[in-house]
2 protein chains.
Amino acid sequence: MKFNKRDPVYIQVVRHFKEQIATGHYEPGQEIPSRREIANQLKINPNTAQRAYKEMEEAGLIFTEGNSPSRITNNEEVIGQMRNEIILEAIENFVAAIKPINASFDEVVGLLKEKYVEE
Amino acid sequence: MKFNKRDPVYIQVVRHFKEQIATGHYEPGQEIPSRREIANQLKINPNTAQRAYKEMEEAGLIFTEGNSPSRITNNEEVIGQMRNEIILEAIENFVAAIKPINASFDEVVGLLKEKYVEE
DNA sequence: TCCTGTGTATTATATGATTAATACATCGTA
DNA sequence: TACGATGTATTAATCATATAATACACAGGA
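These numbers come from a predicted model, not from an experiment.

What is the right way to look at the overall build of chain A in this model?
Counting its secondary structure elements, chain A contains five helices and two strands. Starting at the N terminus and walking to the C terminus, you meet the elements of chain A as α-α-α-β-β-α-α. In summary, chain A has a C-alpha radius of gyration of 17 Å against a globular reference of 14 Å for 119 residues, an excess of more than 25%. In chain A, buried positions account for 36% of the 119 residues. Carbon and sulfur atoms form 45% of the exposed surface of chain A, whose accessible area is close to 7,200 Å². If the 15 positive side-chain charges of chain A are averaged to one point and the 19 negative ones to another, these points end up 7 Å apart.

Right, dumping it as structure tokens:
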């Protein structure tokens, strides 16, 4: 996994997990790496990992019992909503960036199709 | 004009001018506010305004002669390219955000159309 | 001529967010 | 029981950005 330096690392870690969860690479109830383990894997500070996990816990995406490793939520509705939010947020950002330029919808969709299908 | 706190202010100022130029609200050759003037208008520090203007000058979007206020470039090709870059960048960001979620192109375009037409 | 408003440059400080360092608490198990 | 791995909490250090404070050169106009 590679990080950009525009966004805080913990945000990017959260994002990464959300994508994994939304696409089913992590399944409901599945155990995820411990804070220290993921910190080693991603070469980040354990506190950064902790902060990312805390965010996800507050969002209901993972849960923690006692001092055993956290797990993906079993609430598939929460997962579905999260997926929708990611998509909607992306769309809103996109529209906010494009609209002030006065590009036509068709022009935009044309260019989008190229990039989307690519590869 | 309102700022978000995600991006540096000078970047947002540059962005604002680019949009104004791309949509023709500023015409080629037109005079723009002085550094100190825009700083007052936007309630920002003059140095931040200067930094924004410097960026635009280096990008060839504005030019300055002597100590008179800067002006929009007369090179319409530069303006056209800048407009394209904004659109392409927005598309790339969007695709990068959406693709990892495995949403179909049609689903995305459908949602996009709603937001795009809205208002 | 002198004053005001331009652009430009340099240096220092403040601030907020992020990351790092460290310590503490808990639990299962060898 | 004692160790090791877990989650959690607190404090310190770092860093980028924005702001501030000055200073300088230039040109036009009152």
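There's plenty left to go through after this.
Help me out: how do you make sense of helix α5 (residues 105-117) of chain A in this one?
Each α-helix winds once per 3.6 residues, and so residues spaced three or four apart point in a common direction. Helix length check: α5(A) (13 residues) gives 18 Å between terminal C-alpha atoms against 18 Å at 1.5 Å per residue, within 8%. The inward-facing, buried residues of α5(A) abut α4 (76-98) of chain A together with α4 (76-98) and α5 (105-117) of chain B.

Help me understand the protein's contact with DNA strand D, please; the structure alone is not making it clear to me.
Neighbouring residues of DNA strand D: 19 residues in total, closest R35(A), P8(B), V9(B), N47(B) and N67(B). Across the atoms of DNA strand D situated within 4 Å of the protein, the share located in sugar and phosphate is 60%. A distance of 2.8 Å separates a base oxygen of DNA strand D from a polar atom in the side chain of R36(A). Note that a base oxygen of DNA strand D is positioned 2.3 Å from one of the side-chain N or O atoms of N67(B). Contributions of two or more residues to the surface near DNA strand D are made by α2 (35-42) and α3 (46-58) of chain A together with α1 (9-22) and α3 (46-58) of chain B. Taken together, the residues of the surface near DNA strand D break down into four nonpolar, twelve polar and three charged.

Can you walk me through the interface of chain A and chain B in this structure?
Many authors give the size of an interface as the accessible area that is lost as the parts come together. Between chain A and chain B, the contact holds 33 residues from the first and 33 residues from the second. Considering only the surface of chain A that becomes buried against chain B, I101(A), F105(A) and Y116(A) emerge as the three largest contributors, covering 22% of it. In this structure, R6(A) and D7(B) form a salt bridge, with 2.8 Å as the shortest nitrogen-oxygen distance. The tally of links from chain A across to chain B stands at eight residue pairs in polar contact (both at pLDDT 80 or more). When contributions to the side of chain A that touches chain B are tallied by element, the ones reaching two or more residues are α1 (9-22), α4 and α5 of chain A. Looking at which element gives the most residues to the side of chain A that touches chain B, the answer is α4(A), with ten residues. Across the side of chain A that touches chain B, the residue classes tally to 18 nonpolar, three polar and twelve charged.

Rules behind the numbers
Residues numbered from 1 in each chain as written. Chains lettered and ligands numbered in written order. Predicted model: local features only at pLDDT ≥ 70, side-chain atom pairs only at ≥ 80, totals over all residues. Heavy atoms only, no water. Helix = DSSP H or I, 4+ residues; strand = E, 2+ residues; numbered from the N terminus. Rg over C-alpha atoms; globule rule 2.2 N^0.38 Å. Buried < 20%, exposed > 50% of the residue type's maximum accessible area, 1.4 Å probe, protein only. Areas by Shrake-Rupley, 256 points an atom, 1.4 Å probe, with all protein chains shown as cover. Lys, Arg positive; Asp, Glu negative; His and termini not counted. Charge placed at Lys NZ, Arg CZ, Asp CG, Glu CD. Expected span 1.5 Å × (residues − 1). Contact = heavy atoms within 4.5 Å. Near = heavy atom within 4 Å. Polar contact = N/O pair within 3.5 Å; in protein donor to acceptor, adjacent residues only side chain to side chain. Nonpolar A, V, L, I, M, F, W, Y, C, P; charged D, E, K, R; others polar. Buried area = accessible area lost by both parts, 1.4 Å probe. Salt bridge = Lys/Arg side-chain N within 4 Å of Asp/Glu carboxyl O.

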